[in-house]
Amino acid sequence: MALGLHRFTRHGYWLFPLGATLCWLATLGGLLGLWLGKDDHRRYRSTESNVVVFVSDVGASHLALFIPGCALVFVFYVSSLVTERWLRHIERLPGTHGRRELVLDLLAVVCGFIGGLALLMLSIFNAFDYSTVHWSMTVLFVIFVALSAIFQTAEVLLLGRYDPDSRHLKRNAILKIVIVTVAIIVAIAFAALYGKCRGEGSLGPGRASNCDAITGAAGICEWTVSFILAGYFATLILDLYPSWKTSPRHHGSDEKYLSAAGEANARAARDSDSYNSAQPTLPVMMEPTHPSMATQEKQYQPAMTGTQQQSHFGEAV
């Protein structure tokens, strides 16, 4: 059990971003399923598009799922960033070699924390009751998470110059660049489409007849950006997973742990043997011989004849 706990604490850091990824996908999947199933594709606002509704509107209608889901994502996401900073500090991951890498890493953590907090706030201040605050938090969430990813990418590219086995660093950096670039493009498209009709369908006051299609496209963009975010969380798994093999300081720690455990077991066995040898030995109690047994033995011995006595005497001589 102790060995299992040791291996978990040594190899289990990637579970933080995995938790963020799964919680976010579960939240989005739950909201989408509720809208398609329980709510039967209905509009949540009379002026809303009848094509695709916004994630924010579905979340505002199902706060019991939206708020806990965003809270868990916030916890796991920030934990992932803080863990990565700590692992680089103790060289379980390729550590920083200069002030620039350290500054970029700290900026990534700070921006990620602000972005995660904005995600939590936008779920609490829902789109129906606090529309202005909600969309302001949404903008902050997108901007600061994107900045955090950009700072991470820049840091990883700089670290790749010093690490002898930098292929995984370059791979992760390229993957982050692709995901962040696509997310920014889709987010810009969402902002443009949302602003054209103010997020309302054709039934809105003074709206054009094609606002249903435009606002529906904006809703598709919002769902797309949301699912792309899960891909970004997944890249953090790739960042933290190599921590068990990339640190020279902790290389072979499993063998050291097993050796230490073996020595502890041997020491315990020696102590047990010493304790047993130090105990006093109790005398063995013999059963007393009945006094009549000697008499009975004499009675049952046959008497020797004279010839046997002479033979016995000769052998004795």
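Residues numbered from 1 in each chain as written. Predicted model: local features only at pLDDT ≥ 70, side-chain atom pairs only at ≥ 80, totals over all residues. Heavy atoms only, no water.

**Thoughts on helix 2 (residues 15-38)**
No. 1: For helix 2, spanning 24 residues, the distance from its first C-alpha to its last is 32 Å, which sits close to the expected 34 Å at 1.5 Å a residue.
No. 2: Within the span of helix 2, buried status applies to Pro 17, Gly 19, Ala 20, Thr 21, Cys 23, Trp 24, Thr 27, Leu 28, Leu 31 and Trp 35.
No. 3: Taken together, the buried residues of helix 2 touch helix 3 (55-61), helix 4 (63-89), helix 5 (99-124) and helix 8 (211-240).
No. 4: Backbone geometry just after helix 2 places Asp 40 at a positive phi near 55°. (Helix = DSSP H or I, 4+ residues; strand = E, 2+ residues; numbered from the N terminus. Expected span 1.5 Å × (residues − 1). Buried < 20%, exposed > 50% of the residue type's maximum accessible area, 1.4 Å probe, protein only. Contact = heavy atoms within 4.5 Å.)

**Overview of the UniProt feature "transmembrane region" (unreviewed entry) in the protein chain**
No. 1: The UniProt entry lists residues 12-36, 63-82, 102-125, 137-161, 173-194 and 214-241 under the feature "transmembrane region" (unreviewed entry), expressed in the numbering used here.
No. 2: With 100% helix and 0% strand, residues 63-82 has its two end C-alpha atoms placed 28 Å apart.
No. 3: As a span, residues 214-241 carries 96% helix and 0% strand, and end to end its C-alpha atoms are 42 Å apart. (UniProt positions renumbered as here; feature names shortened; annotations may be inferred.)

**Description of the pattern of salt bridges**
No. 1: Under the definition given, this model contains 2 salt bridges.
No. 2: Ionic pairing is found between Asp 105 and Arg 85, a salt bridge with its closest N-O pair at 2.5 Å. Of the two residues, Asp 105 sits in helix 5 while Arg 85 sits in helix 4, which places them 20 residues apart along the sequence.
No. 3: What makes Arg 85 buried here is its relative accessible area of 14%.
No. 4: The residue Lys 176 makes a salt bridge to Asp 239 at a minimum N-O spacing of 2.8 Å. Note that Lys 176 is positioned in helix 7 (residues 167-197) and Asp 239 in helix 8, a separation of 63 residues in sequence.
No. 5: Relative accessible area serves as the criterion here: at 1%, Lys 176 is assigned to the buried category. (Salt bridge = Lys/Arg side-chain N within 4 Å of Asp/Glu carboxyl O.)

**Here we look at the environment of Phe 76**
No. 1: Positionally, Phe 76 belongs in helix 4.
No. 2: Residues Phe 76 and Gly 116, 40 residues apart in the sequence, show an inter-C-alpha distance of 9.5 Å.
No. 3: Contact partners of Phe 76, with chain neighbours within four places excluded, come to Phe 16, Gly 19, Ala 20 and Cys 23.

**Things to note about the nonpolar core**
No. 1: Ranked by internal contacts, the top residues of the largest apolar core, which has 42 residues, are Trp 24, Tyr 77, Tyr 232 and Phe 233.
No. 2: Listing elements by their share of this core, those giving two or more residues are helix 2, helix 3, helix 4, helix 5, helix 6 (131-159), helix 7 and helix 8.
No. 3: Take this core: its biggest share by element is 10 residues, from helix 8.
No. 4: Ignoring sequence-local partners within four residues, the contact set of Tyr 232 consists of Tyr 77, Val 145, Ser 148, Ala 149, Gln 152, Lys 176 and Ile 179. (Core = buried A, V, L, I, M, F, W, Y, C linked by side-chain atoms within 4.5 Å.)

**Thoughts on the packing of aromatic side chains**
No. 1: Inspection of every chain in the model, using the stated rule, returns 13 aromatic pairs.
No. 2: Judged by centre distance (5.9 Å) and plane angle (65°), the rings of Tyr 13 and Trp 86 are edge-to-face. Of the two residues, Tyr 13 is situated in the loop between helix 1 (2-11) and helix 2 and Trp 86 in helix 4; the sequence distance between them amounts to 73 residues.
No. 3: When its relative accessible area of 13% is taken as the criterion, Tyr 13 is described as buried.
No. 4: With a centroid separation of 6.1 Å and 80° between ring planes, the pair formed by Phe 54 and Trp 135 is classed as edge-to-face. With Phe 54 in the loop between helix 2 and helix 3 and Trp 135 in helix 6, the pair connects residues that are 81 residues apart, well separated along the chain.
No. 5: Assessed through its relative accessible area of 15%, Trp 135 is described here as buried. (Phe/Tyr/Trp six-rings, centres within 6.5 Å; stacked < 30°, edge-to-face > 60°.)

**Observations regarding the packing of helix 4 against helix 6**
No. 1: Packing of helix 4 against helix 6 brings their axes to within 13 Å, and their N-to-C directions diverge by 20°. Judged by the inter-axis angle, helix 4 sits roughly parallel to helix 6. For the element pair helix 4 and helix 6, the recorded crossing hand is left-handed. Residues Tyr 77, Leu 81, Glu 84 and Arg 88 of helix 4 touch helix 6, and the partners they reach there are Val 145, Ser 148, Gln 152, Glu 155, Val 156 and Leu 159. (Axes fitted to C-alpha atoms, helices over the stretch in contact; angles between N-to-C directions. Parallel < 35°, antiparallel > 145°, perpendicular 65-115°, else oblique. Left-handed = near helix turned anticlockwise from the far one by under 90°.)

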